[in-house]
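One letter stands for each residue in the lines below.
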Amino acid sequence: MEHQPLRHIRDIADVETVPGLLEGRRARLERFAEILERDPGRSFITLEEIEFVPRAMRGGIRADNSPLAFAYADPVLRASGLAGDTFGEARRFFELSTGEAHTLLCSCVNGRTVKAGPTAKRLRRLAARKPGLWLAYGCAAGLMALPGALYLFG
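This one's a predicted model, so the numbers in the text were calculated from it and none came from an experiment.

Some thoughts on the side chain of glutamate 100
Position of glutamate 100 relative to the elements: it lies in helix H7 (residues 98-105). The buried category is assigned to glutamate 100, whose relative accessible area is 14%. Within the local environment of glutamate 100, its side chain forms a polar contact with the side chain of arginine 25, the two groups lying 3.3 Å apart. Non-local contacts of glutamate 100, meaning those with residues more than four positions away in its chain, are made with Arg25, Glu95, Leu126 and Arg129.

Quick notes on the packing of H7 against helix H9 (residues 116-128)
Interaxial distance between H7 and H9 falls to 10 Å at its minimum, and their mutual angle equals 160°. When the axes of H7 and H9 are compared, the pair comes out roughly antiparallel. Relative to H9, H7 is oriented so that their crossing is right-handed. Contacts between H7 and H9 involve Glu100, Thr103 and Leu104 on the former and, on the latter, Thr119, Arg122, Leu123 and Leu126. Its residues placed into classes, the contact of H7 with H9 shows three nonpolar, two polar and two charged.

Considering a nonpolar patch on the surface
Taken together, the side chains of Leu143, Leu146 and Leu150 present a nonpolar region at the surface, about 320 Å² in accessible area. With respect to the helices and strands, leucine 143 occurs in helix H10 (residues 131-153). Residue classification places leucine 143 among the exposed residues on the basis of a relative accessible area of 61%.

Digging into the packing of aromatic side chains
Per the stated rule, a full pass over the model turns up three aromatic pairs. Relative to phenylalanine 70, the ring of phenylalanine 44 has its centre 5.3 Å away and its plane inclined at 55°; by these criteria the two rings are tilted. You can see phenylalanine 44 sitting in strand E1 (residues 43-45) and its partner phenylalanine 70 sitting in helix H4 (residues 67-72), a full 26 residues away along the chain. On the basis of relative accessible area, phenylalanine 70 is assigned to the partly exposed category, the value being 22%.

Structural notes on H7
Since the α-helix advances by 3.6 residues per turn, residues separated by three or four positions end up pointing in the same direction. When H7 is considered as a whole, its buried residues turn out to be Glu100, Ala101, His102, Leu104 and Leu105. Contacts made by the buried residues of H7 are with helix H2 (24-37), H4, helix H6 (87-94), helix H8 (107-110) and H9.

So, how was this worked out
Residues numbered from 1 in each chain as written. Predicted model: local features only at pLDDT ≥ 70, side-chain atom pairs only at ≥ 80, totals over all residues. Heavy atoms only, no water. Helix = DSSP H or I, 4+ residues; strand = E, 2+ residues; numbered from the N terminus. Buried < 20%, exposed > 50% of the residue type's maximum accessible area, 1.4 Å probe, protein only. Polar contact = N/O pair within 3.5 Å; in protein donor to acceptor, adjacent residues only side chain to side chain. Contact = heavy atoms within 4.5 Å. Axes fitted to C-alpha atoms, helices over the stretch in contact; angles between N-to-C directions. Parallel < 35°, antiparallel > 145°, perpendicular 65-115°, else oblique. Left-handed = near helix turned anticlockwise from the far one by under 90°. Nonpolar A, V, L, I, M, F, W, Y, C, P; charged D, E, K, R; others polar. Patch = residues over 30% accessible without salt bridge, like charges linked within 9 Å, V, L, I, M, F, W, Y side chains within 5 Å. Areas by Shrake-Rupley, 256 points an atom, 1.4 Å probe, with all protein chains shown as cover. Salt bridge = Lys/Arg side-chain N within 4 Å of Asp/Glu carboxyl O. Phe/Tyr/Trp six-rings, centres within 6.5 Å; stacked < 30°, edge-to-face > 60°.

Shape is all these values report; function is a separate question.
Okay, here's the thing in structure tokens:
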């Protein structure tokens, strides 16, 4: 095997350098959205009726030509730690709740197919969401309602 500098190899082959690894939920979801936006009209198969699959088997759900299969084909996402194209792996890698993953990928929400463009928009909304903020709002609402509840039931 002969070693050659990268500049010589570029003349005879398509060589891409892989950007740095993606750190955190937001960067990973943004990358997923970015690759989907390259072909916004492309159709993907959704995952079939996730909620009817027993919880113990849910993590292994997958489909050929799903958005997850497309994400798994991306070298940057794989280099960053995406280990497969299953529902469970998507939840782990993209740090999605069961509800978020269900809304994004299930056939009962999206129909049998989903377009890349709308899926990318959903991913960007998920990336922008700050989960801790909703918890703070819920706690504040509970504290505001506490005096009224004590008055009614106390």
